Amino acid sequence: MQELTPGMLIAVFEEMFGPVLFWAMVATAVVITLAYLYVLIRDRSLSMRKFFLAQLSMPVGAVAAIWFVQEVTHSSYKDLGGPIDLIAYLGIGALGAVGMAVLVYTLQSLVRRGPAFNEER
């Protein structure tokens with residue numbers, strides 16, 4: 001492995017998760033991101049109340065992401081081989097936390113749009 005290219009990363013992730021699950025995760029991430037951008041453009045501001053509630057969900061997202069990877073890859077914590085594995089798990093947890101916060105903020109904005117919930121309006 002001489003170079004780290006996007007094609008190689010896609011091949012590794014497809015091997016880890018399987019092609020169907022990997023591309024389903026990519027499609028889900030794209031849909032959630034587009035919905036988040038729609039909400040930000042529609043509301044023209046960031047609601048601090050929604051943002052705070054979304055931040056409260058971040059630990060759940062971190063734990064869920066690590067659990068998901070453990071289940072899908074059929075590995076356990078005893079399989080951790082060194083510092084790079086710990087760094088990978090921290091990255092997985094961080095991405096899961098941010099993903100959960102974006103998802104929760106987006107869902108709050110799409111479900112509750114009334115003036116009682118938006119304190120900026």
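Here, the structure is the one placed above.
Let us look at the structure shown here.

Cut-offs and rules
- Residues numbered from 1 in each chain as written.
- Predicted model: local features only at pLDDT ≥ 70, side-chain atom pairs only at ≥ 80, totals over all residues.
- Heavy atoms only, no water.
- Core = buried A, V, L, I, M, F, W, Y, C linked by side-chain atoms within 4.5 Å.
- Buried < 20%, exposed > 50% of the residue type's maximum accessible area, 1.4 Å probe, protein only.
- Helix = DSSP H or I, 4+ residues; strand = E, 2+ residues; numbered from the N terminus.
- Contact = heavy atoms within 4.5 Å.
- Phe/Tyr/Trp six-rings, centres within 6.5 Å; stacked < 30°, edge-to-face > 60°.

**Overview of the nonpolar core**
For step 1, the next point in the chain: In terms of nonpolar packing, the biggest core is built from five residues, these being Val-39, Ala-54, Ala-101, Val-104 and Tyr-105.
For step 2, the next point in the chain: Looking at this core element by element, the count peaks at three residues for helix H5 (residues 83-111).
For step 3, the next point in the chain: When neighbours within four sequence positions are excluded, Ala-54 is seen to be in contact with Ala-101, Val-104, Tyr-105 and Gln-108.

**A word on the side chain of Ser-109**
For step 1, the next point in the chain: Take Ser-109: it is sitting in helix H5.
For step 2, the next point in the chain: What Ser-109 contacts, discounting residues up to four positions off in sequence, is Val-39, Arg-42, Asp-43 and Lys-50.

**Some words on the packing of aromatic side chains**
For step 1, the next point in the chain: All chains considered together, the criterion is met by six aromatic pairs.
For step 2, the next point in the chain: Between Phe-13 and Phe-17, the aromatic rings sit 6.5 Å apart at their centres with planes inclined by 25°, giving stacked as the arrangement. Of the two residues, Phe-13 and Phe-17 are both situated in helix H1 (residues 6-17); the distance of four residues between them amounts to about one turn of the helix.
For step 3, the next point in the chain: Note on Phe-13: relative accessible area 33%, which makes it partly exposed.
For step 4, the next point in the chain: Classification of Phe-17 as buried rests on a relative accessible area of 15%.
For step 5, the next point in the chain: When the centroid spacing of 4.8 Å and the interplanar angle of 70° are considered together, the rings of Phe-22 and Trp-23 count as edge-to-face.
For step 6, the next point in the chain: With a relative accessible area of 41%, Trp-23 lands in the partly exposed category.
For step 7, the next point in the chain: Cluster of aromatic residues (ring-pair linked, three or more members): Phe-13, Phe-17, Phe-22, Trp-23 and Phe-68.

Spatial relationships are all this shows, so hold off on functional conclusions.
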